[in-house]
Amino acid sequence: MPAEAILSKQRSYDAIIVGGGIIGLSCAWRTAQRGARVVVIDKARPPAGATRVAAGMLAPVGELTFGEPELLAMTIVAAELYPDFVAELEATTGVQTGYAQHGALHIALDRDEGEELRRVHDLQRSLGLDAEWLPPRRCRELEPGLTPSLNGGVHVPGEAAVDPRALTEALLSALAAKGVELRFGAAATEAVFEGERIAGVRTDAGEELRAASVVLASGAWSGQAEWLPSDARPEVRPVKGQILELRAGKEAPPCERIVSSERVYLVPRADGRLIVGATVEEQGFDTTVTAGGIHELLREAYRLVPDVAEMELVEAIAGLRPGTPDNLPLIGPSGIEGLIWATGHYRNGILLAPLTAERVAEMLTGVAV
Ligand code: GLY
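A. A look at the packing of helix H4 (residues 69-93) against helix H7 (residues 164-177). Contact geometry of H4 with H7 gives a least axis separation of 9 Å together with a crossing angle of 55°. The angle between the axes of H4 and H7 places the two elements in the oblique class. Handedness of the crossing formed by H4 with H7: left-handed. Contacts between H4 and H7 involve Tyr82, Phe85, Val86, Leu89 and Thr93 on the former and, on the latter, Leu167, Ala170, Leu171, Ser173 and Ala174. Residue classes in the contact of H4 with H7 are distributed as eight nonpolar, two polar and no charged.

Laid out in C-alpha cells, this is it:
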C-alpha cells in the first residue's frame, strides 16, 4: 500500500486491546473510565469464543484445588469485586447481566467422592472460607431435585453466577457510551514497532492503529498471535470445554443454586435455562461437539438431578479455555515494552474479569481506583 494510503488509515489511541472477550471488554471499560482513548479489535462480534460458551460460575470456594493458593486468593478478591462491577454496569447501561448470588451446593454422590469432598472441605475451613458440610437430608432440603442417593455436600452460600452473554452486551453498551471504538471483523496482522517498543498494530482492514500500549487479550489464541514476534507470545494452550443449555418447560428449573459434583456442574439462569458443563479436553483448537462429550455431561447431570431428563435440550457448544502451565493467568508486562498481557485465565476468565480489568487499567493509565 502506498505511504499516503497507510497514513490516511492511521488512527491514534492511548491503548489498543486485541480481543473482545470478557477480559478485553472489561479492560477497555475500566481503562476508558480513567480517561484513556481505547480501541478494541476482534475478528468476531462478541459474545464469541470462550465467553460465548462459559457458564458464568463465580464459585472460587467450590472450585478450590489443592496447591493453588495464589489462584484462590485472586479468585476470592475477584468474587468480592463482582457485585459492584455488575451493579455499576447495570446502572450505567440499563442492561441486566444475570448476576445472582444464590450460593452453591457441591455434592459427593458416593463414599469415595465423600472422602475427597471432606478433604476439600477441611481445606476450605482451614482457610476460613464460608462453607458448611451437610448430610444428605440437609442437601435435599436445600435442593429437593437432587438424587436421593448421595453421600453429602458442601454448601457455599456466597457463590454466585452471571450470564456471560448478557454481561457482554452490558459491557458493549458501556463501551459505546464511553466512546470506545469497537472494530469487530478486523484481525491484527502485524505489530508496529518504534525501536524496541510496540507502537501499534496493522489490521487486515488495511488500517494502522497507533497507541502507547497494546493489550493482548486473545484468550486461547494468545499463544498463536502471529502478528507478534514469537518471543512476545505467551505460553497459552487451548483447553476444550463442551457445554449444554437446557430449558425447563412450565416447571421451575430443577435447582435454585449452582449444583455440582466431581464431574459436572449445573448453573440455573433466572429465565428457566440450566447450563450443564463442562468437559475438559486437550484437543488443540478443535471445537467439535461430540456425542461422547454430550453423553458424559447428560449422564452426570442426570445422576445428580434426575429431572434434567425432562428438560428441553436447547444448545450444545464447545469453546477453548486459555490454559497456562501453572493455571495462573498472565496479567502484566510481557517483556516487550508497551505490550501488556491479559490472558491465560483458564477456567476463571469470567470470574477474574473485574480484577484483571482493574489491574490492566491501572497499568495503562497509572490511575488506581
Ligand atoms: N469455570 C468452569 C469451566 O471452565 O468449566
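B. Looking closely at the nonpolar core. Grouped together as the largest cluster of nonpolar side chains are 42 residues, with contacts concentrated most on Tyr82 and Leu167. When contributions to this core are tallied by element, the ones reaching two or more residues are strand S1 (10-18), helix H2 (22-33), strand S2 (38-42), H4, H7, strand S18 (339-343) and helix H9 (349-365). Ranked by size, the runner-up nonpolar core spans 23 residues in total, among them Leu266, Leu274, Ile294 and Ala301.

C. Here's a closer look at the pairing of strand S10 (residues 197-203). The buried fraction of S10 is high, at five of seven residues. As paired elements, S10 and strand S11 (residues 208-216) share three bridges and run antiparallel to each other. By the bridge assignment for S11, Val201 is matched with Leu209. Between S10 and S11, which pair antiparallel one after the other, the connecting turn spans four residues, and Gly206 there sits at a positive phi close to 80°.

D. Main features of the sheet that holds strand S6 (residues 152-156). If you walk across this open sheet you meet the eight strands as S5-S6-S4-S13-S14-S15-S12-S16, and the pairing is mixed. Each of the sheet's edge strands pairs with one partner strand only, and the pair in question is strand S5 (132-134) and strand S16 (312-323). For this sheet the average axis-to-axis angle between neighbouring strands, irrespective of direction, equals 20°. Here strand S12 (residues 237-247) runs beside strand S15 (residues 273-277); their pairing, made up of five bridges, is antiparallel. Within S15, the residue paired with Ile243 across the bridge is Gly277. The strands that helix H8 (residues 291-304) touches are strand S4 (104-108), S12, strand S13 (258-260), strand S14 (265-268), S15 and S16; relative to S12, the one it contacts most, it runs at about 55°.

Parameters and conventions
Residues numbered from 1 in each chain as written. Predicted model: local features only at pLDDT ≥ 70, side-chain atom pairs only at ≥ 80, totals over all residues. Heavy atoms only, no water. Axes fitted to C-alpha atoms, helices over the stretch in contact; angles between N-to-C directions. Helix = DSSP H or I, 4+ residues; strand = E, 2+ residues; numbered from the N terminus. Parallel < 35°, antiparallel > 145°, perpendicular 65-115°, else oblique. Left-handed = near helix turned anticlockwise from the far one by under 90°. Contact = heavy atoms within 4.5 Å. Nonpolar A, V, L, I, M, F, W, Y, C, P; charged D, E, K, R; others polar. Core = buried A, V, L, I, M, F, W, Y, C linked by side-chain atoms within 4.5 Å. Buried < 20%, exposed > 50% of the residue type's maximum accessible area, 1.4 Å probe, protein only. Pairing = 2+ DSSP bridges.

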